Amino acid sequence: MSRLQVVSGKGGTGKTTVAAALALALAKEGRRTLLVEVEGRQGIAQLFETEAFPYEERKIAVAPGGGEVYALAIDAERALLDYLQMFYKLGGAGRALKKLGAIDFATTIAPGVRDVLLTGKACEAVRRKNKQGGYAYDYVVMDAPPTGRITRFLNVNDEVAGLAKIGPIHNQAQAVMRVLKSPETAVHLVTLLEEMPVQETVDGIAELRGAELPTGKVIVNMVRPHVLDEAAVRGVTGDRRKEVAKTLTRAGVTGSAKLVTPLLEQAAEHAERVELEREQRAALGQLGLPTYELPLIGEGMDLAGLYRLATELRKLGVGE
Amino acid sequence: MTLDAAEPLAIDPLLDDPGTRIIVCCGSGGVGKTTTAAALGVRAAERGRKVVVLTIDPARRLAQSMGIDSLDNTPRRVKDVEGDGELHAMMLDMKRTFDEIVEAHADPDRAKAILSNPFYQSLSAGFAGTQEYMAMEKLGQLRARDEWDLIVVDTPPSRSALDFLDAPKRLGSFLDGKFIKLLMAPAKMGGRAGMKFLNVGMSMMTGTLGKLLGGPFLHDVQTFVAAMDTMFGGFRTRADATYRLLQAPGTAFLVVAAPERDALREAAYFVERLAADDMPLAGLVLNRVHGSAASRLSAERALAAAESLEEPPDPADASAENPAENLDDRRIVDQEAGKAGDRGSSDSSPHAVASDAHASNADVSHAHASDADAAGARAGIDPDQVGSDQVGPDREVPDQESVERLTAGLLRLHAERMQVLAREQRTRDRFTALHPEVPVAEVAALPGDVHDLAGLRTIGDRLAAGGPPAGAA
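Residues numbered from 1 in each chain as written. Chains lettered and ligands numbered in written order. Predicted model: local features only at pLDDT ≥ 70, side-chain atom pairs only at ≥ 80, totals over all residues. Heavy atoms only, no water.

Chain B appears in an unreviewed UniProt entry as Anion-transporting ATPase from Streptomyces violascens.

For chain A, the name recorded in an unreviewed UniProt entry is ATPase, with Streptomyces violascens as its organism.

As structure tokens, this is what we get:
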């Protein structure tokens, strides 16, 4: 598997959760993964039920089987100050720059600089070596911006390279772009089996391909089991409603006569959803990408649910 | 229920009040903000108001449902809206909006110089804050035209819901702030007392930025800044004006969320932020809430009943030879489709066993099943009208066992629904405990997406009904 795993997806599809589960799944047999977030939302800290992270890599979880997951919330401003310090030994001048609004300018407004700093930090972690000469992290998983912005976010280095035509930012952008466009990187899109997220996924994949960024997997999240389908509902003809009511009574359900209609209504809604999901699956199938499906965690997402998703991902072959 | 239900949010009085001039729908991504904005627009128009809906990045089919799939940055009247009111809708083109500001405030030569500047082109094509700024700019323009009694505005899909409040200020203060002025004319600052150290910092900074970004980049910025010079004051002024407009009594914020932990956490955060900024909050719209008309049957009892029905009297009956094979096959196809990625064997649904038994069968039927069955589903199924005519002569009459299996399925489905209800209730209670003062309108979940006016009307009806769907409270 590629060493930089970028996870994007439409809002509400659970991309942060999937990124975290992927980081856990990849930390197999003593491996180390780094989970990075780039949008300053502290979503990872919330997911792991810890305090907000400072700007440093810290261990947040031990994966099933003994691997370790580290996390880092990348902050563009801090990344830029670090960067200036590293290359120019700025020290106090960094603070002066900050006071003037120059750092804000560079990290918020100056086109693409922010994105170069964020992706640059992730790429640095990918390439970092430890004392033994091996990689510091076996995998880096990025909880990336949503599908609608992912191509611009990753490709912005091209844009910066066009704007900042010389200088270290330019060089940095070039170096980052080489990693992002190589097989070292895979961009996964998380979706639900609903029309809007699927449409965004289809559009997002087209954009990634257009920008020659390496597409990874489509990860269908929150898949619900199909308990009943349309045909089964249709099987309940008018006079069989009575039989259903009788069967309910026999199974120990009281007041069953009044329950038949609402239960059948729920079944009809379910059947309709099953059909919609089938259409959406077909649309995803057209993309010609490998697909993972993750089950809906019925009890709501918490740490236990996260580990369950990680286990599901391993069953699907993640980290093999 | 452990807490008193929040006060219901009355949507119709809000829409009907002529004093309501702007409704802002905000919330985290994927909660149905745009759909809510569109549904409010349709409802307000059909209740007699002259409305314009400003959407930022609508899903294609939602845009089509209002006839605004072409992007021209101008409100277009939406056809087929009933009643005396009017509905107009537009999709924001942020680059076009930015260009228009430049064109309106600079002479043609200068405008041309700005529009062709590489720095301007990157800035206007959408960097952190530009979209938010332009959305607010457009809102200000629409309000200034005073052609509509009500503007419903959707907010951009930001990193966080707060960006759209902050970004305009940020962009405004950059474009007309200290830093850019320094970039332009450091000499001007030199004479002032106490500015010496700044000047040192300044030359160091331009030097550093020059090194970092490269000379040509800084040159582009400086040309841009020089060309924009006359417009600078305007940016801050406009940002401030829009900000004040949002605080005005005619504005109502609706925080939109889904009954999920993250979305409601963000909603709570937003409620607090609006209060801190004196922005008038009308209430919370909670989308996609599930209900059940059979809620008196608990998940536990439904599962227990399902299990009692599924205990096979004689294992031999469970073989593939059973007379309900028609039903089975179709069901199995679903199951297989659902398992395309192999969700593993932990599936607790009652058909997991059956589907394994038919695995090879299902692979064959998979390919044609979707077309054949999709048509059936679109026809819609009204359980009260499911008649015997739908069981064709070629379909074998289900026997006692299949009724049991069907009933068990209905019970399991119900149990699943009740678990969803319980989870949604918990997340909602958490929000209500934090913000008991916020009125809430709950919108019952629809099975599919909305892509026509009829669907938007349905959402509008559910919004106005406001209360929890049956069984959800």
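A.B. asks: Help me out: how do you make sense of the overall build of chain A in this one?
C.D. replies: Assigned secondary structure in chain A consists of 13 helices and eight strands. Within chain A, the fraction of its 320 residues that count as buried is 63%. Carbon and sulfur atoms form 51% of the exposed surface of chain A, whose accessible area is close to 11500 Å². (Helix = DSSP H or I, 4+ residues; strand = E, 2+ residues; numbered from the N terminus. Buried < 20%, exposed > 50% of the residue type's maximum accessible area, 1.4 Å probe, protein only. Areas by Shrake-Rupley, 256 points an atom, 1.4 Å probe, with all protein chains shown as cover.)

A.B. asks: When you look at the confidence of the model for chain A in this model, what are you seeing that I'm missing?
C.D. replies: Caution applies to low-pLDDT regions: their predicted coordinates should not be interpreted in detail. Taken as a whole, chain A shows an average pLDDT of 86; of its residues, 87% reach a score of 70 or greater. By mean pLDDT, helix H10 (residues 230-234) of chain A is the weakest element of chain A at 66, and strand E6 (residues 185-191) of chain A is the strongest at 98. (pLDDT = per-residue confidence, 0-100.)

A.B. asks: So what exactly am I meant to see when it comes to the sheet that holds strand E3 (residues 76-77) of chain B here?
C.D. replies: Pairing between sheet strands relies on hydrogen bonds along the backbone, with the strands arranged either parallel or antiparallel. Residues and elements named next belong to chain B. The eight strands lie next to each other as E3-E4-E2-E5-E1-E6-E7-E8, forming an open sheet whose pairing is mixed. Across the chains shown, the open sheet's two edge strands, defined by having one partner strand only, are E3 and strand E8 (440-444). Helix H14 (residues 261-276) rests against strand E1 (22-26), strand E6 (251-257) and strand E7 (281-289) of the sheet, and its axis sits at about 160° to E6. (Pairing = 2+ DSSP bridges. Contact = heavy atoms within 4.5 Å. Axes fitted to C-alpha atoms, helices over the stretch in contact; angles between N-to-C directions.)

A.B. asks: I keep staring at unusual backbone geometry and nothing clicks. Help me out?
C.D. replies: As a rule of thumb, non-glycine residues mostly have phi less than zero, and peptide bonds are mostly trans rather than cis. Residues and elements named next belong to chain A. Its identity as a non-glycine residue notwithstanding, Glu 29 has a phi of 50°, on the positive side. Checked against the element boundaries, Glu 29 lands in the loop between helix H1 (15-26) and strand E2 (32-37). If you check the backbone angles, Met 222 has positive phi at about 55° while not being a glycine. Relative to the helices and strands, Met 222 is located in strand E7 (residues 215-223).

A.B. asks: I'm lost on the sheet that holds strand E5 (residues 139-143) of chain A in this one. Help?
C.D. replies: Residue and element names in this part refer to chain A. The sheet built from eight strands is open, its strands ordered E3-E4-E2-E5-E1-E6-E7-E8 with mixed pairing. Lying at the two open borders of the sheet, with one neighbouring strand each, are strand E3 (58-62) and strand E8 (291-295). Recorded for the sheet is a direction-independent mean angle of 25° between the axes of neighbouring strands. Pairing between strand E1 (residues 4-9) and E6: six bridges, direction parallel.

A.B. asks: I would appreciate a short explanation of the pattern of salt bridges in the present structure.
C.D. replies: Opposite charge on two side chains permits them to pair, given that their charged atoms come into close proximity. Residues and elements named next belong to chain B. Per the stated rule, a full pass over the model turns up 37 salt bridges over all chains. Note that Arg 96 and Glu 103 form a salt bridge whose closest N and O atoms lie 3.2 Å from each other. Measuring nitrogen to oxygen at the nearest pair gives 2.9 Å for the salt bridge that ties Asp 277 to Arg 273. The buried category is assigned to Arg 273, whose relative accessible area is 18%. (Salt bridge = Lys/Arg side-chain N within 4 Å of Asp/Glu carboxyl O.)

A.B. asks: I would appreciate a short explanation of the packing of helix H6 (residues 113-127) of chain A against helix H8 (residues 168-180) of chain A in the present structure.
C.D. replies: In a packed pair of helices, the relevant descriptors are the angle between the two axes and the axis-to-axis distance. Residues and elements named next belong to chain A. Packing of H6 against H8 brings their axes to within 9 Å, and their N-to-C directions diverge by 55°. Relative to H8, the element H6 is oriented oblique. As for the relative orientation of H6 and H8, their crossing is left-handed in sense. Residues Val 113, Val 116, Thr 119, Gly 120, Cys 123 and Arg 127 of H6 form the contact with H8, whose own contacting residues are Ile 169, Gln 172, Ala 173, Ala 175, Val 176, Val 179 and Leu 180. (Parallel < 35°, antiparallel > 145°, perpendicular 65-115°, else oblique. Left-handed = near helix turned anticlockwise from the far one by under 90°.)

A.B. asks: Teacher, can you tell me more about the side chain of Gln 42 of chain A here?
C.D. replies: Residue and element names in this part refer to chain A. Note on placement: Gln 42 falls in the loop between E2 and helix H2 (43-47). Judged by relative accessible area, Gln 42 falls into the buried class, the value being 18%. Looking at Gln 42, its side chain comes within polar contact range of the main-chain nitrogen of Phe 53, at 3.0 Å. The contacts of Gln 42, once residues within four sequence positions are left out, are Glu 37, Ala 52, Phe 53 and Ala 73. (Polar contact = N/O pair within 3.5 Å; in protein donor to acceptor, adjacent residues only side chain to side chain.)

A.B. asks: What should I look at first to understand H8 of chain A in this one?
C.D. replies: Owing to its 3.6 residues per turn, the α-helix brings residues three or four apart onto one side. Residues and elements named next belong to chain A. In this model H8 runs 18 Å from its N-terminal to its C-terminal C-alpha over 13 residues, within 8% of the 18 Å that 1.5 Å per residue would give. With 10 of 13 residues buried, H8 lies mostly within the body of the structure. Three or more residues of H8 are buried, namely Pro 168, Ile 169, His 170, Gln 172, Ala 173, Ala 175, Val 176, Met 177, Val 179 and Leu 180. (Expected span 1.5 Å × (residues − 1).)

A.B. asks: Explain the state of the cysteines to me, please; I cannot follow it from the model alone.
C.D. replies: In a disulfide, the sulfur atoms of two cysteines are held together by a covalent bond. Tallied over the entire structure, the rule returns zero disulfides over all chains. Between Cys 25 of chain B, a cysteine without a disulfide, and Cys 26 of chain B, which holds the nearest cysteine sulfur, the sulfur-to-sulfur distance is 7.6 Å. (Disulfide = S-S within 2.5 Å.)

A.B. asks: Is there a simple way to explain the environment of Glu 39 of chain A in this structure?
C.D. replies: All names here are of chain A. Here Glu 39 shows up in the loop between E2 and H2. Residue classification places Glu 39 among the buried residues on the basis of a relative accessible area of 7%. On a C-alpha basis, the gap between Glu 39 and Asp 143 in space is 8.4 Å, while along the polypeptide they are 104 residues apart. Side-chain polar atoms of Glu 39 contact the side chain of Arg 149, separated by 3.2 Å.

A.B. asks: Please clarify how the environment of Ala 305 of chain B should be interpreted in this entry.
C.D. replies: Here Ala 305 of chain B shows up in helix H15 (residues 299-310). Judged by its relative accessible area of 2%, Ala 305 of chain B falls in the buried class. Each C-alpha atom, one on Ala 305 of chain B and one on Thr 407 of chain B, is 9.3 Å from the other, the two residues being 102 residues apart in sequence. Residues within four places of Ala 305 of chain B in sequence aside, it is in contact with Ala 251 and Val 253 of chain A together with Leu 411 of chain B.

A.B. asks: Hey, could you run me through the pairing of E8 of chain B in this one?
C.D. replies: Across a regular strand the side chains alternate sides, sitting on one face of the sheet and then on the other. All names here are of chain B. Within E8, four of the five residues are buried, leaving the element largely enclosed by the surrounding structure. Where E7 meets E8, four bridges bridge the pair, whose relative direction is parallel. Following the sheet pairing, Leu 286 is matched in E8 by Glu 442.

A.B. asks: Just checking my understanding: could you explain the nonpolar core for this structure?
C.D. replies: Generally speaking, soluble globular proteins have nonpolar side chains that are buried together. Judged by nonpolar contacts, the single largest core of 94 residues is most densely connected at Leu 40, Phe 253, Leu 284 and Leu 456 of chain B. In this structure, Ile 74, Ala 76, Ile 103 and Phe 153 of chain A belong to the second largest nonpolar core, which totals 48 residues. (Core = buried A, V, L, I, M, F, W, Y, C linked by side-chain atoms within 4.5 Å.)

A.B. asks: Explain the packing of H15 of chain B against helix H19 (residues 400-434) of chain B here, please?
C.D. replies: Residue and element names in this part refer to chain B. Running from N to C, H15 and H19 cross one another at 160°; their axes reach a closest spacing of 8 Å. For the element pair H15 / H19, the angle class is roughly antiparallel. Like other packed secondary-structure pairs, H15 and H19 cross with a definite hand, here left-handed. Listed contacts from H19 to Ala 299, Ala 302, Leu 303, Ala 305, Ala 306, Glu 307, Leu 309 and Glu 310 of H15 are Glu 404, Thr 407, Ala 408, Leu 411, Arg 412, His 414, Ala 415, Met 418 and Gln 419.

A.B. asks: Before we go on, may I ask you to explain the packing of aromatic side chains in this structure?
C.D. replies: By convention here, two paired aromatic rings are described through the distance between centres and the angle between planes. In this structure the tally under the stated criterion is two aromatic pairs over all chains. On the numbers, 5.8 Å between centres and 65° between planes, the contact of Tyr 70 of chain A with Tyr 137 of chain A is edge-to-face. Taken together, the positions of Tyr 70 of chain A in strand E4 (residues 68-73) and Tyr 137 of chain A in the loop between H6 and E5 put the pair 67 residues apart, joining distant regions of the chain. Neither residue differs from the other here; Tyr 70 of chain A and Tyr 137 of chain A are each classed as buried. Note on Phe 98 of chain B and Tyr 120 of chain B: the rings are 5.1 Å apart at their centroids and 75° apart in plane angle, and the pair reads as edge-to-face. Of this pair, Phe 98 of chain B sits in helix H4 (residues 94-105) while Tyr 120 of chain B sits in helix H6 (residues 118-124); the two residues are 22 residues apart in sequence, bridging distant segments of the chain. The exposure class of Phe 98 of chain B is buried, given its relative accessible area of 0%. Between Arg 3 of chain A and the ring centre of Tyr 135 of chain A, over which it is positioned, the NZ or CZ distance is 3.4 Å. Sitting over the ring of Tyr 135 of chain A, Lys 129 of chain A keeps its end group 5.2 Å from the ring centre. (Phe/Tyr/Trp six-rings, centres within 6.5 Å; stacked < 30°, edge-to-face > 60°. Lys NZ or Arg CZ within 6 Å of the ring centre and 35° of its normal.)

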